[in-house]
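Geometric and topological summary
This is what each chain is made of:
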Amino acid sequence: MTDKAKTRAQARAYQDVFEAAGAVPFEADILQSADTLLDLYGEDIRARAYVTSDPLRGEQMLRPDFTVPVVQGHMAEGATPARYTYSGQVFRRQEENEARASEYQQVGFEIFEAKDPHTSDAEVFALFQQTLAPLGLRASTGDIGILLAAVDGLTTTDRRKAALKRHIWRPRRFRTLLDRFAGRTAQPAHRKALITSGDPFADTGPEIGLRSRAEVEARIAILKEDATVAPIPENEVQILDELLSLREKSPMVLENLRDIAVDLPSIGPAVENMALRLDAMAQRGVNVDDLDFEAAYGRTTMEYYDGFVFGFVSDKRPDLPTVASGGRYDALTAVLGQGVGVPAVGGVIRPGVVVDLLEENQ
Amino acid sequence: MTVKLGVPSKGRLMEKTFDWFGARGVSLSRTGNEREYAGAIDGVEGLELVLLSAGEIPRELAAGRIHLGVTGTDLIREKLAAWETRVNEMAPMGFGHADLVIAVPKIWVDVETLDDLDAAAAAFRAKHGFRLRIATKYHRLIREFLRDQGVADYQLVDSQGATEGTVKNETAEAVADITSTGDTLRANHLRILSDGLVHKSQATLLKSRKADWGPEERATLVALTKQLGL
């Protein structure tokens, strides 16, 4: 059991570092609106967050992280650019592993800045790397933005691209859709029967529920249209597979990505953004030649990060959770701001895990 | 110390459980008047009958307050996280069969599979401004199933009874419920998705891993399993 006083002292030390880097302390409520979190993350959040309620405010959740309140706070009264730091407990419901903490401290640093996102990405990463340097951790990085740009570049309809992008964070469903859109798997038989049926509504009984017959008809029309779409060319699927499997030191990945961009030009801007980011990191003292980059990194987190992503783990203690993690979440701010987003990037450290590591080292 | 056997306290599930044990030479019976939840066991020494609501048996097993229990595997999986670490399935009992399924209105001719449901949910959310609602009382099982299957843009709404009616009442767009014959679903103009079978449940004899299993209790268990032919 980690000593709470030590954890708090460690958290305080990190917050001092973040304040010295220009961040304003931010205080968040522990109780957060369940509606907002559910709308943002979907039903899965119920498996991860504690839900409570009262008859006046309805369902509330114990904050599973600080991101949502920080973004809301910034949108309500903050002026961009801004830097925030926060420190406090987060609560995570555990259904599968009793050994995982259901309550732990997080210290965070977030940048809201519209100009030169690669500079902010580099600032956050360099700050985290320097702050955590004494712990001898291994950093992993990735960039969801490159994956989204790759999907955008496929030769297919916008509707199919949207379906793929919606499932970027669900690799299995993404694969099923990609295989079907590429003609690798056949159109399901029931769908073929549906779109060739003269009267699909024969023998279906009354119209019940909120989803109207018109909505069903609209989807049949979409399926009919989709059935005439040419498959995504095989070479493009291979390129996408190659891209998804990239896992190397950053400069090597950058070279590979530039090669891929010749055949898939849509990723060009995202790849050049990565190049700018690596330069900005190098300027801030990060040894980018030794920095791991994994194209699929961050794909299995919640649909949240849509650009640069990073994490720090201890190879000596693989049993411990990720010590620190973060990334860019522009899309999330746009959802919370009802369409008006602010480019944002940030990360959190778990000081309790740091204390465990330090005690180990002594 | 006696070995406590938890059995559903009423209805067909209780009768069928009594029959199942009776057919194997262990006689279970209720004692006292009809309203009193007390019972007796003949055929095996050191065994005590505890009559409980079927829904509470998973929790009592997990806490180790009963050693053995009879309930549906659906309830075990819904109510106990990491159920395998808490209870051990000793014997399926061959009754109380029920399938936990996901069903949609028959009129949704475009939705035959979970893949369709996912696409319909995306379109529904875009049109109506909220996530497609699925009424159920099996929140954990359904959520885990849909997560594994990569279905997004839905929400679960709680329904503790008459779940099949929620679509007509427009409090949900689809349902996830227990069915044995599918008659109630059909009568309410609902159709099961072709890959919408979440779990096949039946009444099962379960052993608590947490209960106090001393030498005496173990001896009783050995005698019982021998008598039951397990």
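Residues numbered from 1 in each chain as written. Chains lettered and ligands numbered in written order. Predicted model: local features only at pLDDT ≥ 70, side-chain atom pairs only at ≥ 80, totals over all residues. Heavy atoms only, no water.

Details of the overall build of chain A
When you go through chain A residue by residue, the secondary structure sums to 15 helices and 12 strands. The C-alpha radius of gyration computed for chain A amounts to 23 Å, which stays within 12% of the reference 21 Å derived for 362 residues, consistent with globular compactness. Looking at chain A residue by residue over its 362 residues, the buried ones come to 50%. Pairs at least 24 apart in sequence give 70% of the contacts found in chain A among residues at least 6 apart. Summed over all atoms, the accessible surface of chain A reaches about 16600 Å², with 50% contributed by carbon and sulfur. In chain A, 41 side chains carry a positive charge and 55 a negative one; their mean positions are 3 Å apart. (Helix = DSSP H or I, 4+ residues; strand = E, 2+ residues; numbered from the N terminus. Rg over C-alpha atoms; globule rule 2.2 N^0.38 Å. Buried < 20%, exposed > 50% of the residue type's maximum accessible area, 1.4 Å probe, protein only. Contact = heavy atoms within 4.5 Å. Areas by Shrake-Rupley, 256 points an atom, 1.4 Å probe, with all protein chains shown as cover. Lys, Arg positive; Asp, Glu negative; His and termini not counted. Charge placed at Lys NZ, Arg CZ, Asp CG, Glu CD.)

Let's talk about the pattern of salt bridges
Overall, the coordinates contain 49 salt bridges over all chains when judged by the stated rule. Salt-bridge contacts for R317 of chain A lead to D319 of chain A; the nearest nitrogen and oxygen are separated by 2.8 Å. Residue classification places R317 of chain A among the buried residues on the basis of a relative accessible area of 17%. Across the pair E60 of chain B and R65 of chain B runs a salt bridge, and its minimum N-O distance is 2.9 Å. Classification of E60 of chain B as buried rests on a relative accessible area of 11%. R65 of chain B sits in the partly exposed class, given a relative accessible area of 47%. A single network of salt bridges, built from pairs that share partners, joins R173, R180, R191, R211 and R219 of chain A together with D110, D115 and D116 of chain B. (Salt bridge = Lys/Arg side-chain N within 4 Å of Asp/Glu carboxyl O.)

Notes on the confidence of the model for chain B
Detailed reading of the predicted coordinates is not advisable wherever pLDDT falls low. Across chain B, the average pLDDT comes to 94, with 99% of residues at 70 or higher. Taken over the whole predicted complex, pTM reads 0.89, whereas the ipTM for its chain interfaces reads 0.87. (pLDDT = per-residue confidence, 0-100.)

Some words on the sheet that holds strand β9 (residues 154-158) of chain B
Residue and element names in this part refer to chain B. Reading across the sheet, the five strands line up as β9-β8-β10-β7-β11 and stay open at both edges, with mixed pairing between neighbours. Of all strands in the sheet, those bounded by a partner on one side alone are β9 and β11 (190-201). Strand-to-strand twist in this sheet, taken as the mean axis angle between neighbours without regard to direction, amounts to 25 degrees. The sheet contact formed by strand β8 (residues 132-136) and β9 spans five bridges and is parallel. Note on β9: the bridge partner recorded for R133 is Q155. Sitting on the sheet, helix α4 (residues 114-128) touches β7 (98-105), β8 and β11, and the angle it makes with β8 is about 125 degrees. (Pairing = 2+ DSSP bridges. Axes fitted to C-alpha atoms, helices over the stretch in contact; angles between N-to-C directions.)

A few points about the pairing of β8 of chain B
All names here are of chain B. Counting buried residues along β8, five of its five residues qualify, which places the element largely inside the surrounding structure. Remark: the β8/helix α5 (residues 139-148)/β9 crossover connection has right-handed handedness. Summarising the sheet, β8 and strand β10 (residues 174-179) pair through three bridges and their orientation is parallel. Across the sheet, residue T136 finds its bridge partner in β10, namely A176. (Right-handed = clockwise from strand over helix to strand, strands pointing away.)

Things to note about helix α10 (residues 213-227) of chain A
Since one α-helical turn is 3.6 residues long, residues separated by three or four positions face the same way. Taking 1.5 Å as the rise per residue, α10 of chain A with 15 residues should run 21 Å; its terminal C-alpha atoms sit 21 Å apart, in good agreement. Considered for burial, the residues of α10 of chain A that qualify are E215, V216, R219, I220, L223 and D226 of chain A. On an axial view of α10 of chain A, the arc spanned by its buried residues comes to 140 degrees, and they lie on one face. Among the structural elements, α7 (158-166) and α9 (189-196) of chain A together with α4 of chain B are those in contact with the buried residues of α10 of chain A. (Expected span 1.5 Å × (residues − 1). Arc of directions from axis to C-beta.)

Some details on the sheet that holds strand β4 (residues 47-52) of chain B
All names here are of chain B. Overall, mixed pairing links the five strands, which are arranged β4-β1-β5-β12-β6 in an open sheet. Each of the sheet's edge strands pairs with one partner strand only, and the pair in question is β4 and β6 (87-92). Between one strand axis and the next, the sheet turns through 30 degrees on average, direction left out of account. The sheet contact formed by strand β1 (residues 3-8) and β4 spans six bridges and is parallel. In the strand pairing of β4, V3 is matched with L47. Packing of helix α1 (residues 11-22) onto the sheet brings it into contact with β1, β4, β5 (68-72), β6 and β12 (203-208), and relative to β1 it is tilted by some 135 degrees.

Re unusual backbone geometry
Geometrically, the link from T80 of chain A to P81 of chain A is a cis peptide bond, its omega value of 0 degrees lying close to zero. Among the secondary structure elements, P81 of chain A is positioned in the loop between α4 (67-77) and β5 (82-91). Unlike most non-glycine residues, A162 of chain B shows phi in positive territory, near 50 degrees. Among the secondary structure elements, A162 of chain B is positioned in the loop between β9 and β10. The exposure class of A162 of chain B is exposed, given its relative accessible area of 63%. A positive phi angle is found at E170 of chain B, which is not glycine, with a value near 60 degrees.

Observations concerning the interface of chain B and chain A
Facing 45 residues of chain B, the contacting portion of chain A comprises 38 residues. Counting the surface lost from both chain B and chain A, the interface buries some 3600 Å², and carbon and sulfur atoms represent 50% of this. In this assembly, chain B and chain A are joined by 12 salt bridges. With its nearest N and O atoms 2.9 Å apart, the salt bridge here joins D118 of chain B to R166 of chain A. Where chain B touches chain A, the interface holds 21 residue pairs in polar contact (both at pLDDT 80 or more). In terms of residues, the side of chain B that touches chain A owes the most to one element, α4 of chain B, which gives 11 residues. In the side of chain B that touches chain A, the residues fall into 18 nonpolar, seven polar and 20 charged. (Buried area = accessible area lost by both parts, 1.4 Å probe. Polar contact = N/O pair within 3.5 Å; in protein donor to acceptor, adjacent residues only side chain to side chain. Nonpolar A, V, L, I, M, F, W, Y, C, P; charged D, E, K, R; others polar.)

Concerning the environment of P69 of chain A
Residue and element names in this part refer to chain A. Summarising the element assignment, P69 is placed in helix α4. Taking C-alpha positions, P69 is 14 Å from V342, a pair spaced 273 residues apart along the chain. Apart from the residues within four sequence positions on either side, P69 is in contact with F26, A28 and Q32.

Describing the packing of helix α12 (residues 250-263) of chain A against helix α13 (residues 268-283) of chain A
Residue and element names in this part refer to chain A. Two numbers describe how α12 lies on α13: the axes approach to 10 Å, and their chain directions differ by 160 degrees. When the interaxial angle is binned, α12 and α13 end up roughly antiparallel. By crossing handedness, the relation of α12 to α13 is classed as left-handed. Contact residues: S250, V253, L254, L257, R258 and A261 in α12; G268, V271, E272, M274, A275 and L278 in α13. Partitioning the contact of α12 with α13 into residue classes produces eight nonpolar, two polar and two charged. (Parallel < 35°, antiparallel > 145°, perpendicular 65-115°, else oblique. Left-handed = near helix turned anticlockwise from the far one by under 90°.)

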